[in-house]
Structures are given as C-alpha cells and as structure tokens.
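# Remarks on the overall topology
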Amino acid sequence: QVQLVESGGGLVQAGGSLRLSCAASGRTFSSYEMGWFRQAPGKEREFVAAISRSAGTTSYADSVKGRFTISRDNAENTVYLQMNSLKPEDTAVYYCAADRSLRAGIGVKLYEYDYWGQGTQVTVSS
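As a starting point, this report considers the structure included with it. (Residues numbered from 1 in each chain as written. Predicted model: local features only at pLDDT ≥ 70, side-chain atom pairs only at ≥ 80, totals over all residues. Heavy atoms only, no water.)

On to unusual backbone geometry. If you check the backbone angles, Asn77 has positive phi at about 55° while not being a glycine. With respect to the element layout, Asn77 can be found in the loop between strand E7 (68-73) and strand E8 (78-83). Using a relative accessible area of 15% as the deciding quantity, one classes Asn77 as buried. In this structure, Ser85 takes a positive phi of about 50° despite not being glycine. Exposure remark for Ser85: the relative accessible area of 42% places this residue in the partly exposed category. (Helix = DSSP H or I, 4+ residues; strand = E, 2+ residues; numbered from the N terminus. Buried < 20%, exposed > 50% of the residue type's maximum accessible area, 1.4 Å probe, protein only.)

As enumerated under the stated definition, the model contains five aromatic pairs in all. Ring geometry for Tyr32 versus Tyr115: centroids 6.0 Å apart, planes at 70°, classification edge-to-face. Highlighted residues: Tyr32 in the loop between strand E3 (18-24) and strand E4 (33-39) and Tyr115 in strand E10 (residues 115-116), separated in sequence by 83 residues. In this structure, Tyr32 and Tyr115 share a single accessibility class: buried. (Phe/Tyr/Trp six-rings, centres within 6.5 Å; stacked < 30°, edge-to-face > 60°.)

The following block contains the structure:
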C-alpha cells in the first residue's frame with residue numbers, strides 16, 4: 001500500500017502563490033511517477049501536472065503551464081506543486097496521485113494512477 005497526504009492548501013488572493021506538498025509512505029516512492037489533479041465544484045477531476053521517477057521529465061496542463069511547477073524530493077518521499085500567479089479559476093480541491101506503471105510516457109489520465117490522496121482545498125479570491 002501507498003498512502004499519500006496532501007497539505008499546503010488555503011485561501012489566497014488572485015496573483016498570489018501557494019505551494020502544495022504530498023508526503024508518501026513506504027520505501028518505494030522513487031519507483032512511482034507522481035501527478036497532481038484538481039477538481040473544481042461541479043466539474044470533473046482534471047490533470048494538472050506530473051513528474052517522472054527521477055524528476056527528469058515533467059508534464060503540465062495547458063491551463064497551468066508557465067505558472068505551476070511540479071518537483072519531487074525522493075529522499076523525503078515528497079512531491080510538490082508550486083503555484084504562482086494564481087487565478088480564481090484555479091480554485092479546486094487538489095489531489096496527489098501515484099502511478100506505478102512502467103509506461104514510457106507520463107500518464108495524464110485519471111485511470112493511469114493507482115493511489116490517491118484525500119485532497120487539499122485551494123481557493124483563489126478575485
């Protein structure tokens with residue numbers, strides 16, 4: 001089993017920044033690709049960003065590219081999402097997810113991820 005716990009959410013003004021953290025249990029963190037997804041009220045959960053096992057490759061949704069940065073610290077079993085220039089439309093519950101597959105590319109679909117955190121709320125006021 002892998003347990004993921006997100007933290008760092010909160011209320012910020014438009015244009016502000018926030019850094020989310022996701023702490024993973026176990027000794028196999030480095031064997032998982034990690035991703036961030038979000039779900040706004042009344043909307044489907046959507047892909048935000050993902051990072052490869054060794055952090056050599058990243059992928060971002062077009063809506064956050066240039067504003068968000070995903071990173072990981074395998075020694076600390078933690079993945080981060082630095083969010084800058086936040087917009088009201090970024091308001092959502094943000095979920096951390098782990099992908100144990102060995103596919104060549106980075107997964108961007110919900111069904112490609114095996115473990116999920118409980119989510120952390122991010123609210124951006126206008």
